[in-house]
Amino acid sequence: MITKVLMPKLSDAMETGKVIKWLKKEGDKVKGGDIIAEIETDKANVEIEAFGSGVLRKIVVDEGGQVPVGDLIGVIADPADDIAAVTAAPSKPAAPAAPSAPTAPGPAPAAPAPAAATASRPEPARREPLPAMESYQSVPATTGVMPAPSAAPASAVAAGGRVKASPLARKIAGQTGVDLRLIQGTGPGGRIVRADVEAARAAPRPVAAPAAAAAAGGPAAAAARAAFVIPPRPEAEYEDVPMSPMRAAIAKRMPQSKAPVPHFYVTSEVDMDAAWALREQLNGLEGQPKVSVTDMVIKAAALALRKNPGVNAQLSGQAIRVHHRAHIGIAVALDQGLITPVLRDCDVKPLARIAVESRDLAERARGGKLRAQEMSGATFSISNLGMYDVEEFSAIINPPEGAILAVGSVLQKPVVDGGEIRVGRRMKTTISCDHRVMDGAMGARFLQDLKRLLEEPLRLLV
Amino acid sequence: MSVMTYREALNTALREEMRRDPRVFVMGEEVGLYDGAYKVTQGLLKEFGDKRIVDTPICESGFTGVGVGAAMLGLRPVIEMMTFNFSILALDQIVNSAAKICYMSGGQYNIPLVVRGPGGPAAQLAAQHSQSMETYFYHVPGLKVVRPSTPADAKGLLKSAIRDDNPVIFIEAETLYAVKGEVPDDPDYLVPLGRAVIHREGTDVTVVAYMGMLYRALEAAEELATEGISVEIVDPRTLRPMDTETIVGSVRKTHRAVVLEAGAGFAGMGSEIAAEIQEEAFDDLDAPIERVTGENAPMPYARNLELLKTPSKAKIAAAIRRVCNR
């Protein structure tokens with residue numbers, strides 16, 4: 001039996017994926033369920049497992065190769081099978097023969113999805129049915145590690161991420177360990193040629209020179225008297241850093257939101273004195289998880305969404321899809337971009353559980369170890385920049401969701417209280433709403449409820 | 001060593017080989033009484049008589065066929081095409097008979113035949129008489145194809161061609177007949193078939209060129225030297241078998257290549273050489289291989305248009321600058 005290994009679609013936004021690592025070699029025996037490769041999506045690394053058994057006959061996409069979702073990346077077959085036809089033909093089936101795929105309501109049938117919402121999961125209309133007979137399923141990443149963001153990359157990097165370099169330049173770079181991504185090509189169209197590689201090799205390391213000068217400079221007094229010399233600097237005035245897959249996904253996705261989705265913004269200031277006090281009290285409890293302001297906002301937002309279902313909604317073709325459950329996407333900043341892992345059913349989860357789960361998600365998001373299903377299906381998102389000491393900001397809606405809440409810092413400021421001025425804690429929140437789905441008053445009512453929940457924070461606990 | 005013209009070098013080669021080997025004879029239009037349309041056979045009738053210097057009717061297929069038959073029976077004919085454009089009339093004899101009889105007879109018959117004459121663009125010979133006819137022959141297994149660019153090579157290669165046991169297409173150039181050069185006097189001076197020569201050493205780019213293109217490449221190289229571009233020029237001399245080793249060796253040194261060709265570029269010798277280079281030396285290339293070829297059009301009669309059709313020194317220099325990223 002021949003089983004095609006295809007580039008899996010691991011998230012709604014995923015259009016291409018990169019093979020990071022093959023865990024099996026050509027010729028290795030493979031059992032169904034064996035983990036055979038690691039894939040880097042725009043968001044995380046995911047291991048894929050074999051659907052069929054046999055021998056990994058052919059690796060079609062080598063490590064480092066990036067291909068569109070659904071493309072053939074390998075072939076599993078019996079040693080005697082003739083796989084020429086499979087590897088030669090385009091990998092997508094001409095037509096989805098089985099009726100199962102198009103009508104499948106949820107994500108890949110393999111997803112275990114406990115309480116996890118296949119029913120309410122948004123299905124963008126353009127989503128292509130996964131060829132169900134073809135062979136992979138996503139499994140939790142266990143050892144996947146986000147590749148280190150490339151050091152300080154540059155610019156003969158073509159649109160597809162390929163570095164344009166002459167064959168000779170590549171050879172010399174390979175022999176001498178020069179990283180072509182760091183070099184500015186001077187050949188036609190920015191191609192890196194031999195001279196560029198040799199220049200890069202000969203170039204002084206920008207850091208080494210001043211250090212050496214200081215060492216040779218002797219006593220500090222002498223150094224002070226010495227004329228000011230601009231230390232050797234890299235010749236290039238700037239560099240073009242190639243986008244990480246995640247950055248590219250963000251760059252592609254945000255205009256899809258900001259341009260077609262008419263945003264409106266409603267801001268409200270919340271008195272956080274009570275919430276702050278409650279949080280300190282909770283965090284003083286022995287054996288209880290630490291609760292963050294974000295956790296409280298998540299809980300409050302989820303409860304407010306339940307009260308304001310019109311905000312927990314999104315455009316779906318000609319209809320407005322109103323969600324019955326509150327799955328909150330939490331924006332987590334990473335070095336190379338951001339990611340919004342999804343905390344499900346926040347309206348019914350106790351605050352302590354939200355605290356535990358949100359911390360776990362954020363940590364795994366930073367480690368690139370999120371599972372695919374943890375990155376999709378949010379009905380509403382929250383972005384909290386409070387830790388950066390910002391008063392307020394507005395966020396761009398993460399499509400297909402209908403709204404996003406931007407949360408500023410809890411700041412101490414003079415407040416008027418019963419005719420007196422005192423110091424109070426205040427936090428500004430701004431909701432961005434899709435005007436096609438909801439109106440200003442709805443957004444305002446949501447904020448009103450959110451404000452009340454946070455100002456009377458015991459409501460979060462009952 | 002004597003200084004002589006390309007034409008005299010060919011004449012000397014014929015004379016020496018005819019003296020050396022009584023089986024060698026020359027046949028063609030006006031090779032005898034008229035001393036050859038381009039005087040390559042000058043004086044040969046007088047020395048060797050009309051049994052060995054044979055004037056023929058104007059019938060290329062006929063006398064080429066006679067040559068193939070004579071070669072099968074043990075003679076070593078040298079067939080002259082008044083111009084190589086006329087060899088089109090003899091294509092069947094050359095391609096189907098001369099090139100294939102050895103193979104189809106299981107090696108019973110060798111065809112030690114030389115077909116020689118001038119080819120390529122000259123001066124206002126117009127569409128039918130300016131063609132780079134080598135393209136018609138080097139595609140055919142069983143033929144050797146020679147294009148000698150200098151008087152010494154003309155002599156050494158023609159002698160090797162006559163001594164070779166296989167059919168050799170030997171295409172001279174009208175424009176080169178008067179070119180003078182030093183030629184070894186040794187009657188056994190041979191230039192082996194299938195061996196290229198480096199005419200000018202350089203370090204920045206390899207230019208592959210033969211015949212008229214070689215001379216333009218040399219001029220371009222002079223000009224470029226003043227700009228600090230060091231051009232190496234390789235003359236393949238024999239197009240089939242091709243001395244890929246020398247060409248690729250040069251490219252491995254310079255890391256760049258420009259291939260020149262007087263005829264139209266499509267499916268030409270330039271394509272073949274470019275393909276060989278990238279197959280053998282891909283990892284040594286620092287720039288794409290460029291071809292500079294004649295325009296894809298029949299040769300115009302008008303002198304100005306003729307000059308436009310054929311690669312000029314300026315065009316060649318521009319291509320070299322491009323691959324050198326200047």
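In case you missed it, the structure is sitting above this.
Residues numbered from 1 in each chain as written. Chains lettered and ligands numbered in written order. Predicted model: local features only at pLDDT ≥ 70, side-chain atom pairs only at ≥ 80, totals over all residues. Heavy atoms only, no water.

Student: Which parts of the structure should I look at to understand the overall build of chain A?
Tutor: What chain A contains, in helices and strands, is 11 helices and 19 strands. Looking at chain A alone, contacts between residues at least 24 apart form 64% of all its contacts between residues at least 6 apart. Accessible surface, chain A: about 23,100 Å² in total, of which carbon and sulfur atoms supply 57%. (Helix = DSSP H or I, 4+ residues; strand = E, 2+ residues; numbered from the N terminus. Contact = heavy atoms within 4.5 Å. Areas by Shrake-Rupley, 256 points an atom, 1.4 Å probe, with all protein chains shown as cover.)

Student: I'm lost on helix α3 (residues 167–176) of chain A in this one. Help?
Tutor: Think of an α-helix as 3.6 residues a turn; residues three or four steps apart then line up on the same face. Residue and element names in this part refer to chain A. Among the residues making up α3, those that are buried are Pro 167, Leu 168, Ala 169, Ile 172 and Ala 173. If you follow the buried residues of α3, they end up packed against α4 (194–202). Count one or two residues on from α3 and you reach Gly 177, which has phi positive near 80 degrees. (Buried < 20%, exposed > 50% of the residue type's maximum accessible area, 1.4 Å probe, protein only.)

Student: Explanation requested: the pairing of strand β19 (residues 420–434) of chain A in the structure shown.
Tutor: Taken residue by residue, a regular strand's side chains alternate between the two faces of the sheet. Residues and elements named next belong to chain A. Here nine bridges tie strand β10 (residues 263–271) to β19, and the two strands are oriented antiparallel to one another. Looking at the pairing, Thr 267 lines up with Thr 430 of β19. With antiparallel pairing between neighbouring strands as the criterion, strand β18 (residues 403–417) and β19 make up a hairpin whose turn holds two residues, including Gly 418 at a positive phi of roughly 60 degrees. (Pairing = 2+ DSSP bridges.)

Student: Would you take a moment to explain the sheet that holds strand β1 (residues 3–6) of chain A for this structure?
Tutor: Residue and element names in this part refer to chain A. Across the sheet, four strands lie side by side as β1-β8-β6-β3; this open sheet has antiparallel pairing. Of all strands in the sheet, those bounded by a partner on one side alone are β1 and β3 (29–30). Across four bridges, β1 lies against strand β8 (residues 72–77) in antiparallel orientation. Paired with Leu 6 across the two strands is Leu 72, which belongs to β8.

Student: Any chance you could explain the packing of helix α3 (residues 60–72) of chain B against helix α4 (residues 91–98) of chain B here in plain terms?
Tutor: If you want to describe how two helices pack, look at the angle between their axes and the distance between the axes. Residue and element names in this part refer to chain B. The geometry of α3 relative to α4 is characterised by a closest axis approach of 8 Å and an angle of 25 degrees between their N-to-C directions. Taken as axis vectors, α3 and α4 run roughly parallel relative to one another. Residues Ser 61, Thr 64, Gly 65 and Val 68 of α3 form the contact with α4, whose own contacting residues are Gln 93, Ile 94, Ser 97 and Ala 98. Across the contact of α3 with α4, the residue classes break down as three nonpolar, five polar and no charged. (Axes fitted to C-alpha atoms, helices over the stretch in contact; angles between N-to-C directions. Parallel < 35°, antiparallel > 145°, perpendicular 65-115°, else oblique. Nonpolar A, V, L, I, M, F, W, Y, C, P; charged D, E, K, R; others polar.)

Student: Honestly, a nonpolar patch on the surface in this entry has me stumped. Any pointers?
Tutor: Residues and elements named next belong to chain A. Together, Leu 315, Ile 320 and Val 322 make up an exposed nonpolar region whose accessible area comes to about 210 Å². Note that Leu 315 resides in strand β11 (residues 313–316). Residue classification places Leu 315 among the partly exposed positions, given a relative accessible area of 31%. (Patch = residues over 30% accessible without salt bridge, like charges linked within 9 Å, V, L, I, M, F, W, Y side chains within 5 Å. Salt bridge = Lys/Arg side-chain N within 4 Å of Asp/Glu carboxyl O.)

Student: Honestly, the sheet that holds strand β9 (residues 197–200) of chain B in this entry has me stumped. Any pointers?
Tutor: All names here are of chain B. An order of β9-β11-β10-β13-β14 is seen for the five strands of this open sheet, with the pairing classed as mixed. In this open sheet, the two strands that pair with only one neighbour each are β9 and β14 (290–294). In this sheet, neighbouring strand axes are inclined to one another by 25 degrees on average, regardless of whether the strands run parallel or antiparallel. For strand β10 (residues 205–208) and strand β13 (residues 257–264), the ladder comprises three bridges, and the chain directions are parallel. Each bridged residue has a counterpart across the sheet, and for Thr 206 the counterpart in β13 is Ala 257. Each of β9, β10, β11 (231–235) and β13 touches helix α8 (residues 212–225); the most contacted strand, β11, lies at about 170 degrees to it. Relative to the sheet, helix α10 (residues 269–281) contacts β10, β13 and β14, its axis offset from that of β13 by approximately 160 degrees.

Student: Can you help me understand the interface of chain B and chain A in this one?
Tutor: Where the parts come together, the accessible area they lose is often given as the size of the interface. On the chain A side, the residues contacting the 11 residues of chain B number 12 residues. Among the residues of chain B in contact with chain A, Asp283(B), Asp286(B) and Asn325(B) are the three that bury the most area, contributing 54% of the side total. Here Asp284(B) makes a salt bridge to Lys171(A), at a shortest N to O gap of 2.8 Å. Counting across the chain B and chain A interface gives eight residue pairs in polar contact (both at pLDDT 80 or more). (Buried area = accessible area lost by both parts, 1.4 Å probe. Polar contact = N/O pair within 3.5 Å; in protein donor to acceptor, adjacent residues only side chain to side chain.)

Student: How should I be thinking about helix α7 (residues 245–258) of chain A in this particular structure?
Tutor: All names here are of chain A. An ideal rise of 1.5 Å per residue puts 20 Å on 14 residues; α7 measures up with 20 Å between its terminal C-alpha atoms. Taken together, the buried positions of α7 are Met 246, Ala 249, Ile 250, Arg 253 and Ser 257. End-on, the buried residues of α7 take up no more than an arc of 100 degrees, which puts them together on one face. Close packing links the buried residues of α7 with β10, β14 (332–334) and β15 (337–339). (Expected span 1.5 Å × (residues − 1). Arc of directions from axis to C-beta.)

Student: Explanation requested: the side chain of Arg344(A) in the structure shown.
Tutor: Within the secondary structure layout, Arg344(A) lies in the loop between β16 (342–343) and α10 (351–366). Engagement of the side chain of Arg344(A) in a polar contact is seen with the backbone oxygen of Ser376(A), the distance being 2.6 Å.

Student: Explain the packing of aromatic side chains here, please?
Tutor: Each pair of aromatic rings is reported with the distance of its centres and the angle of its planes. All names here are of chain A. Going through the model one piece at a time under the given rule, you end up with four aromatic pairs over all chains. Ring geometry for Phe 380 against Phe 446: centres 5.4 Å apart, planes inclined by 50 degrees, an arrangement best described as tilted. With a gap of 66 residues between them, Phe 380 in strand β17 (residues 380–384) and Phe 446 in helix α11 (residues 440–455) connect regions that are remote in the sequence. The two residues Phe 380 and Phe 446 agree in class, both being buried. (Phe/Tyr/Trp six-rings, centres within 6.5 Å; stacked < 30°, edge-to-face > 60°.)

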